Amino acid sequence: MATAKLSVDGRDIDLPVVEGSEGEKAIDITSLRKETGYITLDPGYGNTGSCTSDITFINGEEGVLRYRGYPIEQIAEKADFVEVCYLLIFGSLPNADQLAEFKQELTYHSLLHEDMKKFFEGYPPTAHPMAILSSMVASLSTYYPEDEADLHLNMVRLLAKAKTIAAFSYKKTIGQPFIYPKNDLDYCSNFLHMMFAVPSEPYAVPEVLRDALNLLLILHADHEQNCSTSTVRMVGSSQANLFASIAAGVCALWGPLHGGANQRVIEMLEMIRDDGGDYQKYVDMAKDKDSDFKLMGFGHRVYKNFDPRARILKRTADRVLEQLGHRKDSLIDIARNLEQVALEDEYFVERKLYPNVDFYSGILYRAMEIPTQMFTVMFALGRLPGWIAQWREMRSDPGARINRPRQVYTGATERDWVALDQR
Ligand code: CMC
């Protein structure tokens, strides 16, 4: 077995080297503290592998993303989102019977318990749908406690009901009646129907919208140990139930540096447009170290060449925008100019800051007339199978332990308590 030598306090220790199936190497420091008294310090975890995983492979330098070994480019071209859910969670592509059964399960479990509808009445109309999604997902555990249901059923329920919760949360904000799921519609069409239909007239889901949504959900489906997935694993490591763990993941995704960036991209483009369209001013602000302004939708911790998801979406966006008749959207011109700058400006080139998936997904969701506040919810719907697969993988690992990082304490050293009247 290969080892790495560490010299500390005049003593050499050998640490095992672990190699992944794609040749990625890691130094296993499990015995480090016991043998030396030292821990490692890695703020932001840029050099820390928190687990081994068979689910998703990323090579950030070369822009490679694979789910269970299949390249994202092939999956994006050929797959249905439900197939991708099956692949990620169960590890292999479903055959025709397995797929039909899984689709049926996801269709038949999409209704919410009628009592859950009452929860929506309690939220203010301005409630952010990510807050609703997170609390509703956690609430599912009150209806389907882990010890009373089998895990497979709860995974199905979560995948099936999350889109109903998402669509209901939108209907709540615009004061329209909830539209129930229809069993003759596929996963993506069902969601779009619940979002855009009204009881007073028929609604046929446009194919171009269905296909665009299918692609977007697939591209969001998993991304190995990112902030929200690590959160799901972190919470799940205490043996918290599936719904509670995923509700925590939804909250982590909400942040603007993660999934929340897609909403912020459009808000940024609107701000630039309303300020006269001078995008260069905002590029300069993003480069200015005295300003905390960032170009939303640019940069990535892992991808340092290009984001393969963004590349696929960019190609699709042009076609879909044309089909949807949104070519004259002024935000799109601003977006294209920003993109051009990023590809040419020394600051962005030097730091390898490229448009990421959220840059193009924001533009596409807007063209699909998904409301801006719902963008991150769309990301969450796409990421659900990834979170579930990662949670399941962790929970079925017999060697899994509760996640409990350490710290280097930098606070006050021991001192005596000061009475209130002497402070
Ligand atoms: N605009 C301007 N400068 C940037 C940006 C940006 N969007 N992103 C990074 N930089 C600069 C940063 O200031 C730093 O400069 P310097 O070396 O001079 O200090 C350098 O680039 C490296 O950045 P970092 O902050 O060390 O990178 P990170 O890996 O910690 O953060 C990131 C990655 C995605 C959080 C960050 O690039 C960012 O905040 N981007 C905007 C938000 C965004 O689009 N997030 C969505 C990510 S993709 C979807 C997902 O998977 O979540």
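Because the structure is predicted, anything quoted here is derived from the model rather than measured. (Residues numbered from 1 in each chain as written. Predicted model: local features only at pLDDT ≥ 70, side-chain atom pairs only at ≥ 80, totals over all residues.)

### So, the overall build of the protein
Put simply, the rule reads: Going along the chain from the N terminus, every DSSP run of H or I of four or more residues is numbered as a helix, and every run of E of two or more is numbered as a strand. All radius of gyration figures rest on C-alpha atoms, and the globule criterion is 2.2 Å times the number of residues raised to 0.38. We call two residues in contact whenever the C-beta atoms placed from their backbones are within 7 Å.
For the protein, the count of helices and strands is 18 helices and six strands. For 423 residues, the compact-globule estimate of 2.2 N^0.38 gives 22 Å, and the C-alpha radius of gyration of the protein, at 23 Å, lies within 12% of that figure. Put simply, 71% of the contacts in the protein that link residues at least 6 apart link residues at least 24 apart.

### Points about the sheet that holds strand E1 (residues 3-8)
Adjacent strands of a sheet pair through backbone hydrogen bonds, lying either parallel or antiparallel. In plain terms, the rule: Any two strands with at least two DSSP bridges between them are considered paired. Interaxial angles span 0 to 180 degrees and are taken between N-to-C directions of axes, which are lines fitted to C-alpha atoms, for helices over the stretch in contact.
Here three strands make up an open sheet; going across it, the order is E1-E2-E3 and the pairing antiparallel. Each of the sheet's edge strands pairs with one partner strand only, and the pair in question is E1 and strand E3 (25-27). The average undirected angle you get between the axes of adjacent strands in this sheet is 30°. One ladder, built from six bridges, connects E1 with strand E2 (residues 11-19); its direction is antiparallel. Looking at the pairing, Lys5 lines up with Asp14 of E2.

### Let's talk about the site of the ligand
Here is the rule: For each residue, a C-beta atom is placed from the backbone, and the residue is labelled near a molecule or strand when this atom is within 6 Å of it. Each residue is assigned to one of three groups, with Ala, Val, Leu, Ile, Met, Phe, Trp, Tyr, Cys and Pro labelled nonpolar, Asp, Glu, Lys and Arg labelled charged, and all others, Gly among them, labelled polar.
In the vicinity of the ligand, 20 residues are found, and the nearest of them are Ala261, Lys294, Phe298, Gly299 and Arg301. Classifying every residue of the shell around the ligand by side-chain character gives eight nonpolar, eight polar and four charged.

### A closer look at the nonpolar core
Short version of the rule: By definition, a nonpolar core groups buried Ala, Val, Leu, Ile, Met, Phe, Trp, Tyr and Cys residues that are joined through C-beta atoms within 7 Å. In this scheme every C-beta is placed from the backbone, and a residue whose C-beta has 20 or more other C-beta atoms within 10 Å is buried, one with 12 or fewer is exposed, and one in between is partly exposed. Reported domain spans reflect what an automatic or database domain assignment gives.
Ranked by size, the top nonpolar core spans 111 residues in total, and within it Val84, Leu133, Leu158, Ile218 and Leu364 carry the most contacts. Taken domain by domain, the makeup of this core includes at least three residues from each of domain 2 (71-256 + 387-395) and domain 3 (261-367). Sequence-distant contacts of Leu133, that is, excluding residues within four places in its chain, are made with Ile165, Ala166, Ser169, Val250, Val377 and Ala380.

### A few points about the domain arrangement of the protein
Domain annotation of the protein identifies domain 1 (3-64), domain 2 (71-256 + 387-395) and domain 3 (261-367). Averaged C-alpha coordinates put domain 1 and domain 2 at centres separated by 34 Å. When grouped by side-chain class, the residues that make up the side of domain 1 that touches domain 2 number three nonpolar, three polar and one charged.

### Considerations on the pairing of strand E4 (residues 56-59)
Residues Thr56 and Ile58 line the buried face of E4, whereas the alternating positions Phe57 and Asn59 sit on a face that is not buried. Relative to strand E5 (residues 64-67), E4 runs antiparallel, the two sharing four bridges. Looking at E5, one finds that Ile58 is bridged to Leu65.

### Observations concerning the sheet that holds E4
As summarised here, the arrangement of the three strands in space is E4-E5-E6, forming an open sheet in which the pairing is antiparallel. Taken across any chain shown, the strands that pair with only one partner, and hence form the sheet edges, are E4 and strand E6 (70-71).

### Considerations on the pairing of E1
Little of E1 sits out of view: just zero of its six residues are buried. Linking E1 back to E2 in an antiparallel pair, the connection comprises two residues, with Asp9 at a positive phi of about 50°.

### Some thoughts on helix H10 (residues 227-236)
Of all ten residues in H10, eight are buried; the element is thus mostly enclosed. Ser228, Thr229, Thr231, Val232, Arg233, Met234, Val235 and Gly236 are the residues of H10 that are buried. Elements that come into contact with the buried residues of H10 comprise helix H11 (242-254) and helix H18 (375-395).

### Here's the deal with the environment of Arg404
With respect to the helices and strands, the residue Arg404 is situated in the segment after H18. A sequence separation of 170 residues divides Arg404 from Met234, and the C-alpha atoms of the two residues are 8.4 Å apart.

### Topic: unusual backbone geometry
Unusually for a residue other than glycine, Lys352 sits at a positive phi of about 55°. One can find Lys352 in the loop between helix H16 (346-350) and helix H17 (357-367). The backbone phi angle of Glu369 is positive, close to 65°, even though this residue is not glycine. Along the chain, Glu369 turns up in the loop between H17 and H18. For Glu369, a count of 11 C-beta atoms within 10 Å corresponds to the exposed category.

### Looking at the packing of helix H14 (residues 308-324) against H17
Keep this limit in mind: An angle counts as roughly parallel when it lies under 35 degrees, as roughly antiparallel when it exceeds 145, as roughly perpendicular when it falls between 65 and 115, and as oblique in every other case. Less than a right angle of anticlockwise turn of the near helix away from the far helix marks a crossing as left-handed, whereas a clockwise turn marks it as right-handed.
Taken N-terminus to C-terminus, the directions of H14 and H17 make an angle of 20°; their axes are 9 Å apart at the nearest point. In terms of axis orientation, H14 runs roughly parallel to H17. H17 is crossed by H14, and the crossing has left-handed handedness. Residues Arg309, Ala310, Leu313, Lys314, Ala317, Val320, Leu321 and Leu324 of H14 lie in contact with H17, whose contacting residues are Val357, Phe359, Tyr360, Ser361, Ile363, Leu364 and Ala367. Here the contact of H14 with H17 is built from residues that sort into twelve nonpolar, one polar and two charged.

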